[in-house]
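These are the residues of each chain, in order.
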Amino acid sequence: MDARTMDTRTADWLIPMRTNRLLVTMFAAVAGSIAMLWLFDPATSGLFPPCPVHYLTGWYCPGCGSLRAIHRLLHGELREAWAMNPLTVVLLPFLTYGLASAALFEVGGIQLPQPLIRAGWIHLLCAVILLFGIARNLPVHPFDLLAPGALLRL
């Protein structure tokens, strides 16, 4: 066996090993993040950084309250999660499915059904996210109820 053949075989053997290490590391990071989010309330713990948009401008971005909403969902508190960020509650199952699908494909080559989403629907989703971000900053009723936690103060 010459050196060139040995290098190729070694490289072919290392690629799956590197991929597996990366996947294990990514899985551990996600599991650790979920555990931290379950254990510590982002509203009171001080472990999680504030939203940079809200911190710098005072405006609520479309994602403001998402960590608090996910924390509440992990504790089975759907009403409280909805009050923190209803858009997160609606979109989280789709995001989770997409991430799980990608991970299963990378790990075992298992491919979950992939719905065909037309460009128009993606544009509509982007518009909904943008409009949600604008609406939750309007200081008039009922839009003021879209601010994180506003529904809990009723």
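Residues numbered from 1 in each chain as written. Predicted model: local features only at pLDDT ≥ 70, side-chain atom pairs only at ≥ 80, totals over all residues. Heavy atoms only, no water.

(A) Just the environment of F40, in detail. Tracing the chain through its elements places F40 in the loop between helix 1 (3-39) and helix 2 (52-57). A C-alpha to C-alpha distance of 9.9 Å links F40 and R68, two positions 28 residues apart in sequence. In contact with F40, other than residues within four places in its own chain, are S45, L47, F48 and H71. (Helix = DSSP H or I, 4+ residues; strand = E, 2+ residues; numbered from the N terminus. Contact = heavy atoms within 4.5 Å.)

(B) How the structure looks around helix 5 (residues 86-108). Taking 1.5 Å as the rise per residue, helix 5 with 23 residues should run 33 Å; its terminal C-alpha atoms sit 34 Å apart, in good agreement. L92 marks where helix 5 bends most, by close to 40°; the proline P93 follows one to four residues later. If you check which residues of helix 5 are buried, you get P86, L87, T88, V89 and S101. Of the surrounding secondary structure, the elements contacted by the buried residues of helix 5 are helix 3 (66-74), helix 4 (78-84) and helix 6 (119-135). Note on helix 5: the residue one or two positions beyond its end, G109, has a positive phi of about 75°. (Expected span 1.5 Å × (residues − 1). Bend = angle between axes of the 7 residues up to and from the residue. Buried < 20%, exposed > 50% of the residue type's maximum accessible area, 1.4 Å probe, protein only.)

Distances and angles like these do not, on their own, reveal function.
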